Amino acid sequence: MRITNKIMQNNQMYNINQNKIKEDKYATQMATNKKINRASEDPVVAIRALRLRSNVSELTQYYEKNSKDAESWLKVTEDALSTVTDVLTSSIALANKGANKDLTTTDLSAIIAEMTELSNEYYATGNVDYGGRYVFTGYRTDTPLTFTDRTSRAYTGIHDGFNAVDIDETVHLSGVANIDPNAANAMTEDGITQQTLGRIRLSYAKLDEETGSTPADACQNTAANVELTYREAFDVPATSNIEEQYANGNPKKVQITFSDGGAPTTIEVTLPEVVTEEGDDPNDYNGFTLRWNSDGTFRLKKSGTPDQVINLAANGAIYSSYKETHIQTNTQYPNPASCVITSTSTAEQVDDIYQYAATLSNSTEETFWLNTDTGELILSEALRKKLTSLPDIVNESSIMVTFNKSQWDKGDIRPENLFECSSTTETGQPVHYNGGTYGHTMGYDVGYSQVVDVNTLTSDVFTTDVRRSMDDLNEGLKKLETLEACMKQLETNLETATGATLDTMKAEYAAAEKARTYLRENIQIQLEHKITEMQKALDVANLAVTENGTRSRRLELIQNRLMNQVTTFQTLQSDNEDIDMAETATNLTTSQTVYQAALMATGKISQTSLMDYI
């Protein structure tokens, strides 16, 4: 083959260009620190780069954003829980201090005032927020735990649950209001009597009071708002069997079997496929009616004496089953003189109810009286014995009291955060709350199939007992201070009294001393009980602290793993995409040298031609 100068020149130009391409490639790599700039340069590296970049991006989102946000939420919760435990610990110490029988009323007043402020701080801490979102109220992050001002808002059917251990005693002192140093008819010691009765202390005081054309109508109208229900287990608890499912996996036909003092009863129920709001099924299921709740759960009820109730979870499993008996407030009138104690009841009417209730100590009548002002149910002895003997019901309270309340004080826990109840929104739309405990757990996605629950619910930390305990103490202290002021007036009057007047005043003073002894002993007992109540609240708070700390520790472990994964994938990404700087610099220098040599060789060859030999 004949090689011409033209062929040589073309080959030289091609090789020079190839050397220039190499030099440009290495120069570009040095400038960008990347192996490739176009996918076509190396498809394998490009595909691997896309995958690694996606992994690094996801891990960075988990580590630097999601987990950090979850960590901050848990930290805010931790600080709030620390405050709660500190407040309760201080309250217990003050209750221990106040339990000293030698303290004066002034000393007690100072201690109870400090405990009241601690109680206010306990509930105020529940309003802590993270980034404008309240941390203890579940999905209702725009709603605080408590009412921040005095508020008027009607809540109906507030379901307040109790168990047998929650039944305690109320001690009432009759005749104290009749001690009056300026009255013509003096009180004697015989007029001072004490009644100790069973009670249920509701979560709120100052319940709704109704009016009527007569006092008896007003009593009955008010009493109609309150119902006590106690529950007893079936002889054989209900069980369920899913017979058919919908395409989405939700239960469609469920067979339920239970026994209550006879042959087993079987019910076949057809459930709706999707539940978004409350509703009722018009069909009859062996005498039971079906109602579905907005949280996806179901309730079967058969009215009778007592009612039979079966609650199903959203997956068709039995949540709880029992029979329940309903009792209305005692509305006997005029014996006692009032069937309900309200904020306008006279001292004589209040005394009359407690004294009448005490006379039923040997009666079998299961009844109760309502004190709307203090939020108490005063139990007959027969009802007290019945309620205190009730065994606990699985997943339900064995005692339920429903009532209405419209007036709220600053610091009252909003009932939707703890209880099932109904109300209306600001726009007038009716709304039913399920108690704030179903489906309100918020989880942060902090890794592949890694979800950490960050929120602590109201029911996991807070209880209305702390405030109600302080209501008891402040009410007892108020009565004691009023009586002691009256006794001081009596002492002044005794200094100038003579004859029969002196004897009358001495008798009244003796009655006052008897009343003071009772009141002081009652405060003493209450403070001792408060130690136990505060300790229970502290135990609940400590459990919440532990659970929050466990979640924080788990998140910390996940963060450490994420950090290592981010580092690993970033290293893999760098190994896949980034150049070896030393090697690339050497290659660039070599390509430049080769390029220069090629230019020199081409220049020498180009200087000679065939004409030089002719």
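Residues numbered from 1 in each chain as written. Predicted model: local features only at pLDDT ≥ 70, side-chain atom pairs only at ≥ 80, totals over all residues. Heavy atoms only, no water.

### Some remarks on the sheet that holds strand 16 (residues 368-371)
What counts is decided by this rule: Strands are treated as partners if at least two bridges between them are detected by DSSP. Secondary structure follows DSSP: runs of H or I at least 4 residues long count as helices, runs of E at least 2 residues long count as strands, and numbering of each begins at the N terminus.
Pairing in this open sheet of 5 strands is mixed, and the strands run 4-5-17-16-15 from one edge to the other. For this open sheet the edge positions go to strand 4 (168-174) and strand 15 (340-341), each flanked by a neighbour on one side alone. Taken together, the 4 bridges between strand 16 and strand 17 (residues 376-379) define a ladder with antiparallel strand orientation. Its bridge partner lying in strand 17, W369 is registered against I378.

### Things to note about the packing of helix 3 (residues 105-125) against helix 8 (residues 499-577)
Rules: The angle between two axes is taken between their N-to-C directions and runs from 0 to 180 degrees, where each axis is a line fitted to C-alpha atoms and a helix contributes only its stretch in contact. We call two directions roughly parallel when the angle between them is under 35 degrees, roughly antiparallel when it is over 145, roughly perpendicular when it lies between 65 and 115, and oblique otherwise. For any helix crossing, the convention is left-handed if the near helix is rotated counterclockwise from the far helix by under a right angle, and right-handed if that rotation is clockwise. Note on definitions: a residue-residue contact is assigned when non-hydrogen atoms from the two residues lie within 4.5 Å. Three residue categories are used. Nonpolar comprises Ala, Val, Leu, Ile, Met, Phe, Trp, Tyr, Cys and Pro, charged comprises Asp, Glu, Lys and Arg, and polar comprises the others, including Gly.
Direction vectors running N to C along helix 3 and helix 8 enclose 30 degrees, while the axes themselves pass 13 Å from each other. Classed by the angle they form, the pair helix 3 and helix 8 counts as roughly parallel. Crossing angle aside, the handedness with which helix 3 passes helix 8 is left-handed. Residue-level contacts link T105, L108 and M115 of helix 3 to R516, R520, I523, L527 and M534 of helix 8. Here the contact of helix 3 with helix 8 is built from residues that sort into 5 nonpolar, 1 polar and 2 charged.

### Quick word on the pattern of salt bridges
Rules: Here, a salt bridge means any Lys or Arg side-chain nitrogen found within 4 Å of an Asp or Glu carboxyl oxygen. Buried means the residue's accessible area, taken with a 1.4 Å probe over protein chains only, is under 20% of the maximum for its type, while exposed means over 50%, and partly exposed covers the values in between.
This model, assessed by the stated rule, comprises 24 salt bridges. The residue D79 makes a salt bridge to K75 at a minimum N-O spacing of 3.5 Å. Linking D79 with K75, this pair stays in helix 2 (residues 43-98), spanning 4 residues, or about one helical turn. Across the pair R553 and E556 runs a salt bridge, and its minimum N-O distance is 3.2 Å. Placement of both R553 and E556 in helix 8 is noted, with a separation of 3 residues, approximately one turn of the helix. When its relative accessible area of 37% is taken as the criterion, E556 is described as partly exposed. Put simply, D168, R199, R201, E376, D465, D472, K530 and E533 are held in one network by salt bridges that share partners.

### A few points about the layout of surface pockets
Applicable threshold: Lining residues are those with an atom within 4 Å of a point, where the points come from a 1 Å grid over the protein atoms alone and group into cavities, where a 1.4 Å probe fits but cannot get out, or pockets, open sets with protein on both sides within 12 Å along at least five of seven lines. Grid points are joined across faces, edges and corners, and a volume is the space filled by probe spheres set on the points.
Of the volumes computed, that of the second largest pocket is approximately 270 Å³. Contributing to the lining of the second largest pocket are 13 residues, with T143, R153, R414, E416 and Y433 lying nearest its centre.

### Quick notes on unusual backbone geometry
In this structure, P306 follows T305 across a cis peptide bond, with omega equal to 0 degrees. In this fold, P306 is placed in the loop between strand 12 (298-302) and strand 13 (307-312). The phi angle at K206 is positive, at roughly 55 degrees, despite the residue not being glycine. As for its position among the elements, K206 is in the loop between strand 5 (193-201) and helix 4 (215-223). Given a relative accessible area of 45%, K206 falls into the partly exposed group. In the Ramachandran plot, S449 falls in the positive-phi region, its phi being about 60 degrees despite a non-glycine side chain.

### Remarks on helix 2
Put simply, the rule is: Multiply 1.5 Å by the residue count of a helix minus one, and that product is the helix's expected span. We define the bend at each residue as the angle formed by axes fitted to the 7 residues ending at it and the 7 residues starting at it.
Helix length check: helix 2, at 56 residues, gives a terminal C-alpha distance of 80 Å against a target of 82 Å (1.5 Å per residue), a fit within 8%. Taken as a whole, helix 2 carries its principal kink of about 30 degrees at S67.

### Some points on the nonpolar core
Counted only if it meets this: Only buried residues count toward a nonpolar core, which is a set of Ala, Val, Leu, Ile, Met, Phe, Trp, Tyr and Cys residues joined through side-chain atoms within 4.5 Å.
In terms of nonpolar packing, the biggest core is built from 98 residues, with I200, L228, L377 and L387 touching the most fellow members. With 17 residues, helix 8 is the single largest residue contributor to this core. Setting aside anything within four residues of it in sequence, one finds I200 in contact with F162, I167, L228, G375, E376, L377, L379, L387, I399 and V401. Grouped together as the second largest cluster of nonpolar side chains are 17 residues, V254, V269, L290 and L312 included.

### Quick look at the packing of aromatic side chains
Convention followed: Ring pairs shown here join Phe, Tyr and Trp side chains whose ring centres sit within 6.5 Å, with only the six-membered ring taken for Trp; geometry is labelled stacked below 30 degrees between planes, edge-to-face above 60, and tilted in between. Geometrically, a charge over a ring is one whose NZ (Lys) or CZ (Arg) sits within 6 Å of the ring centre while staying within 35 degrees of the ring normal.
Following the criterion strictly, the structure yields 13 aromatic pairs and no others. Seen from their ring centres, F147 and W408 are 5.1 Å apart, and the 25 degrees between their planes marks the pair as stacked. Of this pair, F147 sits in the loop between strand 2 (133-134) and strand 3 (151-162) while W408 sits in strand 18 (residues 399-408), and the two are 261 residues apart along the sequence. We classify W408 as buried; its relative accessible area is 1%. Seen in terms of ring centroids, Y155 and W408 are 5.3 Å apart; in terms of plane orientation they differ by 85 degrees. Their pairing is edge-to-face. Separated by 253 residues along the polypeptide, Y155 in strand 3 and W408 in strand 18 bring together distant segments of the chain. By the burial criterion, Y155 is buried, and W408 matches it. Ring pairing ties together the aromatic residues F147, Y155, Y204, W408 and F419, which thus form one cluster. Its guanidinium or amino end placed over the ring of Y63, K68 lies 4.9 Å from that ring's centre, counting from NZ or CZ. Taking NZ or CZ as reference, K405 lies 4.9 Å from the ring centre of W408, over its face.

### So, the packing of helix 7 (residues 465-496) against helix 8
Running from N to C, helix 7 and helix 8 cross one another at 160 degrees; their axes reach a closest spacing of 9 Å. The angle between the axes of helix 7 and helix 8 places the two elements in the roughly antiparallel class. Considering only the axes of helix 7 and helix 8, their crossing is left-handed. Taken together, the residues of the contact of helix 7 with helix 8 sort by class into 19 nonpolar, 4 polar and 12 charged.

### A closer look at the sheet that holds strand 9 (residues 265-270)
Strand order in this open sheet of 3 strands is 7-8-9, and the pairing throughout is antiparallel. In this open sheet, the two edge strands, each paired with only one partner strand, are strand 7 (236-245) and strand 9. Ignoring strand direction, the axes of neighbouring strands in this sheet form an average angle of 20 degrees. Of the strand pairs in this sheet, strand 7 and strand 8 (residues 251-259) are connected by 7 bridges, and their pairing is antiparallel. Residue pairing across strands places V236 opposite S259, the latter belonging to strand 8.

### Comments concerning the environment of G287
Note that G287 resides in the loop between strand 10 (279-285) and strand 11 (288-292). Considered as a pair, G287 and C421 are 134 residues apart in the sequence and their alpha carbons are 26 Å apart. G287 has contacts with K301 and K302, leaving out every residue within four places of it along the chain.

### A word on the pairing of strand 12
By the bridge criterion, 4 bridges tie strand 11 to strand 12 in an arrangement that is antiparallel. When the sheet's bridge partners are listed, L290 is paired in strand 12 with L300. The turn joining strand 11 and strand 12, which pair antiparallel and follow one another in sequence, is formed by 5 residues; a positive phi near 90 degrees is taken by G296. Here 5 bridges tie strand 12 to strand 13, and the two strands are oriented antiparallel to one another. Opposite K302, over in strand 13, you have Q308 as the bridge partner.

Read these as spatial facts, not as claims about activity.
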